[in-house]
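# Observations on chain architecture
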Amino acid sequence: MTQNALSAPPSRIEQLIRDVLQHMQRQGYSPGYLRLCRGVWQDFRSFAICTATPEDVSEESSTRFLASRGISPENSQSGFSARQRMIRAAMRIVVEFNLHGCHQRRRRTAQKVNLSAPLQSVLSMHLEFCRDHLRCSPGTLRCRTRHLTRFLHFLESQQLLGLAALQAKHVSDFIRSQVHLRPKTLAVIVSELRSFLRYLCMEGILAEDLSPHVPKIRVARDGRLPSVWGVAEVEAVLAAVDRSSPKGKRDYAILLLACRRGLRVSDICGLRLEHLHWSSDRIEMAQTKTGAALVLPIGEEVGRALIDYLQHGRPFTHHREVFLRLKAPVEPFSSNDNLYHILTFYRQRAGVSLPAQARKGLHSLRHTVATRLLETGTALETIATILGHLSLESTQIYAKVDIEALRRAALDPEVLHE
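Because the structure is a prediction, the values reported are computed rather than measured.

### Some points on the nonpolar core
Grouped together as the largest cluster of nonpolar side chains are 41 residues, with contacts concentrated most on L255, L257, L306, F323, L339, L362 and L365. Of all the elements in the fold, those that place two or more residues in this core are α11 (231–239), α12 (246–259), α13 (265–270), β2 (282–286), β3 (293–297), α14 (300–312), α15 (340–350) and α16 (362–375). Top element by residues in this core is α12. It accounts for 8 residues. Not counting the four nearest positions on each side in its chain, L339 is found in contact with I254, V265, I268, C269, F333 and L362. Listed in part, the 32 residues of the second largest apolar core include F196, L197, L200 and V214.

### Focus on the sheet that holds β3
What the 3 strands build is an open sheet, ordered β1-β2-β3; its pairing is antiparallel. Both outer strands of the open sheet, β1 (276–277) and β3, are each paired with one neighbouring strand and no more. Relative to β2, β1 is paired through 2 bridges, and the arrangement is antiparallel. Across the sheet, residue L276 finds its bridge partner in β2, namely I283.

### Some remarks on the state of the cysteines
Taken as a whole and judged by the stated rule, the model has 0 disulfides. Unpaired in this structure, C136 has its nearest cysteine sulfur neighbour in C130, at a distance of 4.7 Å. By relative accessible area, C136 is classed as buried at 15%.

### Remarks on the packing of α11 against α12
Two quantities define a packed helix pair, namely the angle between the helix axes and the distance between the axes. Look at α11 against α12: their axes get within 10 Å of each other, and the N-to-C directions meet at 165°. One element, α11, and the other, α12, form an angle in the roughly antiparallel class. Every pair of crossing elements has a handedness; the one defined by α11 and α12 is left-handed. Facing V234, V237 and L238 of α11, the residues of α12 in contact are Y252, L255, L256 and C259. Of the residues in the contact of α11 with α12, the class split is 7 nonpolar, no polar and no charged.

### Focus: the packing of aromatic side chains
Across all of its chains, the model carries 9 aromatic pairs by this definition. Taken together, a centroid distance of 5.1 Å and an interplanar angle of 70° make the contact between F151 and F174 edge-to-face. Within this pair, whereas F151 is found in helix α8 (residues 138–157), its partner F174 is found in helix α9 (residues 168–176), the two being separated by 23 residues in sequence. What makes F174 buried here is its relative accessible area of 1%. By way of ring pairs, the aromatic residues F151, F154, F174 and F196 are connected into one cluster. Its guanidinium or amino end placed over the ring of Y252, R243 lies 4.1 Å from that ring's centre, counting from NZ or CZ.

### Brief notes about the pattern of salt bridges
Evaluation of the coordinates by the stated rule reveals 15 salt bridges. Residue D251 is joined to K247 by a salt bridge in which the shortest nitrogen-to-oxygen separation is 2.9 Å. One end of the pair, D251, and the other, K247, are both in helix α12, 4 residues apart, so they sit about a helical turn from each other. Between D251 and R250 there is a salt bridge, with its nearest N and O atoms 2.9 Å apart. One salt-bridge network, in which partners are shared between bridges, spans R272, E274, R320 and E321.

### Description of the side chain of R366
The residue R366 is located in helix α16 in this model. Lacking a salt bridge, the buried R366 has D267 as its closest oppositely charged neighbour, with an N-O distance of 5.9 Å. Polar side-chain contacts of R366 include one of 2.7 Å to the backbone oxygen of L387. In this structure R366 touches A258, G262, L263, R264, L387 and H389, once residues within four positions along its chain are discounted.

### Let's talk about the confidence of the model for the protein chain
On average, residues of the protein chain score 83 in pLDDT, and 86% of them reach the 70 mark or higher. Residue range residues 1–7 is modelled with pLDDT below 50. Its contacts to residues more than four positions away, or to other chains, number 1 contact. Confidence drops under pLDDT 50 across residues 404–418; counting only partners more than four residues distant or on other chains, this segment forms 17 contacts.

### So, α12
For α12, spanning 14 residues, the distance from its first C-alpha to its last is 20 Å, which sits close to the expected 20 Å at 1.5 Å a residue. Buried residues dominate α12, accounting for 12 of its 14 residues. The set of residues buried in α12 consists of G248, K249, R250, D251, Y252, A253, I254, L255, L256, L257, A258 and C259. Contact partners of the buried residues in α12: α11, α13, β2, α14, α15 and α16.

What counts, and where the lines are drawn
Residues numbered from 1 in each chain as written. Predicted model: local features only at pLDDT ≥ 70, side-chain atom pairs only at ≥ 80, totals over all residues. Heavy atoms only, no water. Core = buried A, V, L, I, M, F, W, Y, C linked by side-chain atoms within 4.5 Å. Buried < 20%, exposed > 50% of the residue type's maximum accessible area, 1.4 Å probe, protein only. Helix = DSSP H or I, 4+ residues; strand = E, 2+ residues; numbered from the N terminus. Contact = heavy atoms within 4.5 Å. Pairing = 2+ DSSP bridges. Disulfide = S-S within 2.5 Å. Axes fitted to C-alpha atoms, helices over the stretch in contact; angles between N-to-C directions. Parallel < 35°, antiparallel > 145°, perpendicular 65-115°, else oblique. Left-handed = near helix turned anticlockwise from the far one by under 90°. Nonpolar A, V, L, I, M, F, W, Y, C, P; charged D, E, K, R; others polar. Phe/Tyr/Trp six-rings, centres within 6.5 Å; stacked < 30°, edge-to-face > 60°. Lys NZ or Arg CZ within 6 Å of the ring centre and 35° of its normal. Salt bridge = Lys/Arg side-chain N within 4 Å of Asp/Glu carboxyl O. Lys, Arg positive; Asp, Glu negative; His and termini not counted. Polar contact = N/O pair within 3.5 Å; in protein donor to acceptor, adjacent residues only side chain to side chain. pLDDT = per-residue confidence, 0-100. Expected span 1.5 Å × (residues − 1).

Below you can see the structure in the form of structure tokens.
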């Protein structure tokens, strides 16, 4: 090999691979995952050379490469192998980095990304302000931490020399890098970003309030129809639960609370023994999301499942939460656990296939409860009470699922005062 070949600068795509690997390393990706990504990108580079597009790293070239690996954008992710899902994720990362100069981790950003000490200090002070003065709930603080960590990490990737040098262009570039997100998620991010920028100006970190430069994103409350399960699909999932084991007893009770009572996941995780009033056959608790009181009947079916779990499945412990993890150390689910794995396990066991764009978490069972009540002619006010909605506007979205049911849902004062 000649000296010129040894000293030849890397091609554009080779340099891009180096840069994105360094970027991901700072984000806390494991060495093993980085090696897998490097292998995918080297395959992509070879594919690009063979197709006479060696410098093209775009959405179009990525789609062609994925198609050559049997990965079509029209297919549901559930139909892909683990290797195919990994290839698709790696290509999304490199295309996003090439477009925006930054890649945002989809999950657990706050836990994985290590911000510089000055930025982490400012973020911590802002979160304390939100907790002490704005009275933000723990859930809101977790969400804000995740989103603002994304923003600050983006600024670091742009080599910003401190927050005092922050300009409107940086804010605009960050928002542009988030366009892959759903409008509702993006609306939350820009709202939190606006609040953060006002805080920076109030503390004298920024000389100018940049919050007016953050665009407003309007999302219709009923812009997306709730995902609703069919009756046969729900019953198939429940039938797939093996109720002879402690895990099955626990999971069956969890699923019934979601699909029969419409409890939020956060309220299922936060349900405590003292919330179960057996003598009056009621669940009485303060909702995790709103803090408002919620009173629901336990009912025979749910009651039998809870008693079976409490007597024959729940380990002996000092914890007062009803539902506990199975593996040691035995402890309650965390407040931000969505229990997605529980429903997914039994849905797959039952062979229930849902549309690719449908929501598949426990919250979709809550949507199903509301829709079934509407179909039976239950008044919207009554449904709002059952779901614990503070505003009737939150309940009205279910009316879009069945317009005919809405016409039949005349208010019944006797039902409301039962």
